[in-house]
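Spelled out from the first residue to the last, the chains are:
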Amino acid sequence: MARKAPAEDPGDSRLRVGPPKDHAAGVPAVTSSLRHAHGQMGVRRSLLTLLNVNQKSGFDCPGCAWPEPGHRHRAEFCENGAKAVAEEATLRRVGPGFFAEHTLAELAGRSDYWLGQQGRLTHPMYRPADSDHYRPVSWDEAFAVVARELRALDSPDQAAFYTSGRASNEAAFVYQLFVRLLGTNNLPDCSNMCHESSGAALTETIGIGKGSIRLEDLYEADLILVVGQNPGTNHPRMLSALETAKDRGARIISVNPLPEAGLLRFKNPQRPSGVLGGGTQLTDLFLQIRLGGDQALFQAFNRMLLEAEDDAPGTVLDHDFITAHTHGFEDFADQARKTSWDDVLEATGLPAEQIREAFQEVLAADRIVVCWAMGLTQHRHSVPTIRDVVNFLLLRGNIGRPGAGLCPVRGHSNVQGDRTMGIHEKPDAAFLDALGAEFGFEPPRPHGHDAVETIRAMRDGRVRVFVALGGNFVSAAPDTALTERALRNCELTVQISTKLNRSHAVAGRQALILPCLGRTEADLRPAGEQQVTVEDSMGMVHLSRGRLTPASDALLSEVAVICRMADAALASEGPPVPWADFEADYDRVRDRIARVIPGFEGFNARVRAPGGFALPHPPRDERRFPTRTGLANFTVNRLDVLRVPPGRLLLQTIRSHDQYNTTVYGLDDRYRGIHQGRRVLFVHADDLAALGLADGETVDIVSEFTDGVERRALAFRTVAYPTARGCCAAYFPETNVLVPLDSTADISNTPTSKSIVVRLEPAR
Ligand SMILES: Nc1nc2c(c(=O)[nH]1)N[C@H]1C(S)=C(S)[C@@H](COP(=O)(O)OP(=O)(O)OC[C@H]3O[C@@H](n4cnc5c(=O)[nH]c(N)nc54)[C@H](O)[C@@H]3O)O[C@H]1N2
Ligand SMILES: Nc1nc2c(c(=O)[nH]1)N[C@H]1C(S)=C(S)[C@@H](COP(=O)(O)OP(=O)(O)OC[C@H]3O[C@@H](n4cnc5c(=O)[nH]c(N)nc54)[C@H](O)[C@@H]3O)O[C@H]1N2
Ligand SMILES: [Mo]
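This section reports on the structure supplied with the text. Everything numeric in this text was worked out from a predicted model, so none of it was measured.

**Considerations on the overall build of the protein chain**
Phase 1 of the analysis: Counting secondary structure elements, the protein chain contains 33 helices and 33 strands.
Phase 2 of the analysis: Across its three principal directions, the C-alpha atoms of the protein chain cover 75 × 60 × 55 Å.
Phase 3 of the analysis: Expressed as a percentage of the 764 residues in the protein chain, the buried residues total 65%.
Phase 4 of the analysis: Across the protein chain, the mean location of the 84 positive side-chain charges is 4 Å away from that of the 95 negative side-chain charges.

This is the structure we're talking about:
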């Protein structure tokens, strides 16, 4: 194995480490977003663009899925939304000349940061079999290649169609329709690596895989638990919502191995006190939990709730709710009473008094909201953990009433909408029935491959064509070396993308880059300007309309790319589908969505109302739980304690403040005190000492998994950092090499990106 660290960003040699910040946002955030925007698009374009983010007639911020408040500020964007917009609206271009200059091998050796900095893709490009360069092609030629390779397969199940969560509802709907007409359910998506555990746990327990609150509920809560989430960086607009909740008297408990700046204190740039004063203290109680300890924490709460009820019958639990709306209470309660305190203390690493202190907050609160993100979903026992969160809320009737409920905070801006549109490798029968009836065909019924299964299938030659609607699969997926081999093993890989990334460089024998319009750009068609729709984290559907001149005349919208690809690939086979009409006028797509997907009746009219419309959510709206039992299900979950052999640490892979998943905007992680570098490993000072290491040393991180394969990430600088003991943290995607493909969450099959057993070795 090469002993040299991978080709890295020039900035790495200038790495500086300072103390972490104790607050988020405020003036530095505003200046930082403007500086970044100016660098990418100049001053005039920056202002025009940023003033249109999330306005009622503007475009949906491509940053995250946090909902827009009803009353919007003139500038309803955050620092990181501004960066996401600047990244797309950049004036830099990657045209045919660029590809003539660079070989694939050369591009594959570049970092995600360097690749992203090259700019927007401008032309469809084709890599002929085994060539070391891409060359320009016409759109028709490109679609002919896709059609030829799909027809050459023995079965449609030898193709897989990935989706990243930025695709609009309209693009997602025509995409899954095409794939199912082709005859497969191989529709892996970024959700498989993200909130799949939430979907799996919620569908089983409450009957719908989505959160049960609206933004207003957060404002009305007495207690908000923010668990396994870093909103200061990843959902900055959530901080304003938490601030409003605080103003109205809410208490906030943060549960996290890291003391994340945004959770501790928030300086709102849109308030005088945020610019001039000390800002708002958000967190009332910080529980610095061990990685993977949350199931134990919620089981402890559940046991204490039952015991408090025993001590004062009729005062703690919501018996009316439990009797009328739930199933399985007795079995659950029997088990919960037996929860072992020793296990709880070991798993959480928290002092018993702190858990009791947190429990007093729980007892004092009538209305409770639990928010979570990747800190809960990317562990082996994520599904049981989220089920225990559901148990916790069910005990006191905290689902389906104002100010209370479940709040899985989604990542990509339309990841929830894509699932609603049928991007799912395990579609439910009712959806397939409706789709088949509308278009006059029998959709395939067997389940398809999720993201992890798709990698296995490509590795083994069972999937030969890989198409991606957005995203950067090779960098987002686990086990980088294996995933690279898998993709290179394909006959054809196709990337529908806005920006250059590693998935264009690590390609199949033949490869296509199909460049498309982004959210910020005007989609002008002969039939008139087209708009798309998206669904936010709380089930609100609204329009998004770009205004900017497209990055190149050669770009097509995602809807157009998919419709033309489908037309070419399906030719005259199967039932007639008016692809050309769909492409010309997205209202025609929405008419079909309205007929296939419940909740979208009258779609075209309702989505044009200001602010859009809310999708139905039976548990939230009417305390109706469409589960197999017809009730909300309590569940019995074995407590899983992650044990780490001596001399080892649990590693979590996280986002810096200067990245959007695999898109690296810059090399700083300001809130954590990191400047001009990314190869850092955050470890508690006492753990460093116990391992015979110190702050500032260079180590290799070696992942230990039962398959005996040695996975190694080279040359990380240790940073003594106040994380929970026994735990460490480093950035994704640099550390994806360490996540074993076979290390996934039970049931959801999500890679365990937040709990990898590692040892550290001084870099040789
Ligand atoms: N600017 C920006 N915004 C983004 C993204 C981005 O990359 N950049 N990505 C988007 C996407 S797709 C997503 S899914 C979201 C991700 O949003 P987050 O989930 O906030 O992202 P991560 O950086 O993975 O952070 C995980 C957080 O959970 C904590 N954590 C890890 N393990 C545990 C655990 O076992 N228990 C507890 N209690 N805490 C734990 C970590 O310390 C960290 O604070 O953000 C979305 N928004
Ligand atoms: N180790 C580790 N791995 C992880 C995670 C982790 O926490 N740790 N998090 C996981 C999570 S939560 C997620 S969601 C996945 C993310 O996985 P992906 O969604 O696959 O990755 P992104 O980095 O968001 O994709 C960025 C690329 O999308 C393309 N793009 C951007 N906008 C558009 C658009 O409007 N249209 C089209 N067609 N393309 C566009 C650009 O070319 C850009 O390079 O990664 C997962 N991987
Ligand atoms: Mo995500």
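**Re the layout of surface pockets**
Phase 1 of the analysis: The volume enclosed by the largest pocket comes to roughly 1,500 Å³.
Phase 2 of the analysis: In terms of lining residues, the largest pocket is bounded by 44 residues, among which Thr203, Gly207, Ile208, Gly209 and Asp428 are the most central.
Phase 3 of the analysis: Listed by contribution, the elements that provide at least two residues to the lining of the largest pocket are helix H9 (196-206), helix H22 (415-420) and helix H23 (429-439).
Phase 4 of the analysis: At six residues, the largest contribution of residues to the lining of the largest pocket is made by H9.
Phase 5 of the analysis: Looking at the lining of the largest pocket residue by residue, the class counts come to 17 nonpolar, 16 polar and eleven charged.
Phase 6 of the analysis: Counting only domains with at least three residues in the lining of the largest pocket, you end up with domain 2 (93-187 + 422-516 + 555-596) and domain 3 (198-413).

**Topic: the sheet that holds strand E8 (residues 223-227)**
Pairing between sheet strands relies on hydrogen bonds along the backbone, with the strands arranged either parallel or antiparallel.
Phase 1 of the analysis: Here we have five strands laid out as an open sheet, ordered E12-E9-E8-E14-E15, and parallel in their pairing. Of all the strands in the sheet, the pair left with one neighbour each is strand E12 (285-287) and strand E15 (405-408). The sheet shows a mean angle of 15° between the axes of neighbouring strands, direction not considered.
Phase 2 of the analysis: Judged from the five bridges that link them, E8 and strand E14 (residues 368-372) form a sheet pairing that is parallel. Bridged to Val226 within E14 is Cys371.
Phase 3 of the analysis: Here H9 sits on the sheet and contacts E14 and E15; the angle it forms with E15, its principal contact strand, is near 160°.
Phase 4 of the analysis: Across the sheet, helix H21 (residues 382-395) is in contact with E8, E14 and E15; its angle to E14 comes to roughly 170°.

**Section: the site of ligand 2**
Phase 1 of the analysis: Contacts to ligand 2 come from 30 residues, most closely from Tyr162, Ser164, Ala476, Glu558 and Thr662.
Phase 2 of the analysis: Ser164 places a side-chain nitrogen or oxygen 2.7 Å from an oxygen atom of ligand 2.
Phase 3 of the analysis: Glu558 places a polar side-chain atom, nitrogen or oxygen, 2.6 Å from a nitrogen atom of ligand 2.
Phase 4 of the analysis: Looking at the shell around ligand 2 residue by residue, the class counts come to ten nonpolar, 15 polar and five charged.

**Re the packing of aromatic side chains**
Phase 1 of the analysis: Throughout the structure, instances matching the rule amount to 23 aromatic pairs.
Phase 2 of the analysis: Look at Phe173 and Phe439: their rings are 6.3 Å apart centre to centre, the planes differ by 45°, and that puts the pair in the tilted class. Of this pair, Phe173 sits in helix H8 (residues 169-182) while Phe439 sits in helix H23, placing them 266 residues apart in sequence.
Phase 3 of the analysis: Overall, the relative accessible area of 6% leaves Phe439 in the buried class.
Phase 4 of the analysis: Ring geometry for Phe321 against Phe625: centres 6.3 Å apart, planes inclined by 75°, an arrangement best described as edge-to-face. One end of the pair, Phe321, is in helix H16 (residues 319-325); the other, Phe625, is in the loop between helix H32 (618-622) and strand E24 (632-633), and 304 residues separate them in sequence. We note that Phe321, like Phe625, is buried.
Phase 5 of the analysis: Members of the aromatic cluster, connected to one another through ring pairs, are Phe98, Phe99, Trp114 and Tyr134.
Phase 6 of the analysis: When the ring centre of Trp114 is taken as reference, the NZ or CZ atom of Arg110 above it lies at 4.0 Å.
Phase 7 of the analysis: When the ring centre of Tyr660 is taken as reference, the NZ or CZ atom of Arg166 above it lies at 5.3 Å.

**Let's talk about the side chain of Ser475**
Phase 1 of the analysis: Examined against the element boundaries, Ser475 turns out to sit in helix H25 (residues 473-476).
Phase 2 of the analysis: Here Ser475 falls in the buried class, since its relative accessible area comes to 4%.
Phase 3 of the analysis: Dropping the residues within four chain positions of it, Ser475 is found in contact with Asp112, Arg502, Ser503, Thr662, Phe732, Pro733 and Asn736.

The rules we used
Residues numbered from 1 in each chain as written. Chains lettered and ligands numbered in written order. Predicted model: local features only at pLDDT ≥ 70, side-chain atom pairs only at ≥ 80, totals over all residues. Heavy atoms only, no water. Helix = DSSP H or I, 4+ residues; strand = E, 2+ residues; numbered from the N terminus. Buried < 20%, exposed > 50% of the residue type's maximum accessible area, 1.4 Å probe, protein only. Lys, Arg positive; Asp, Glu negative; His and termini not counted. Charge placed at Lys NZ, Arg CZ, Asp CG, Glu CD. 1 Å grid on protein atoms, 1.4 Å probe; cavity = no way out; pocket = protein on both sides within 12 Å on 5 of 7 lines; lining within 4 Å. Points joined across faces, edges and corners; volume = space filled by probe spheres on them. Nonpolar A, V, L, I, M, F, W, Y, C, P; charged D, E, K, R; others polar. Domains from an automatic or database assignment. Pairing = 2+ DSSP bridges. Axes fitted to C-alpha atoms, helices over the stretch in contact; angles between N-to-C directions. Contact = heavy atoms within 4.5 Å. Near = heavy atom within 4 Å. Polar contact = N/O pair within 3.5 Å; in protein donor to acceptor, adjacent residues only side chain to side chain. Phe/Tyr/Trp six-rings, centres within 6.5 Å; stacked < 30°, edge-to-face > 60°. Lys NZ or Arg CZ within 6 Å of the ring centre and 35° of its normal.

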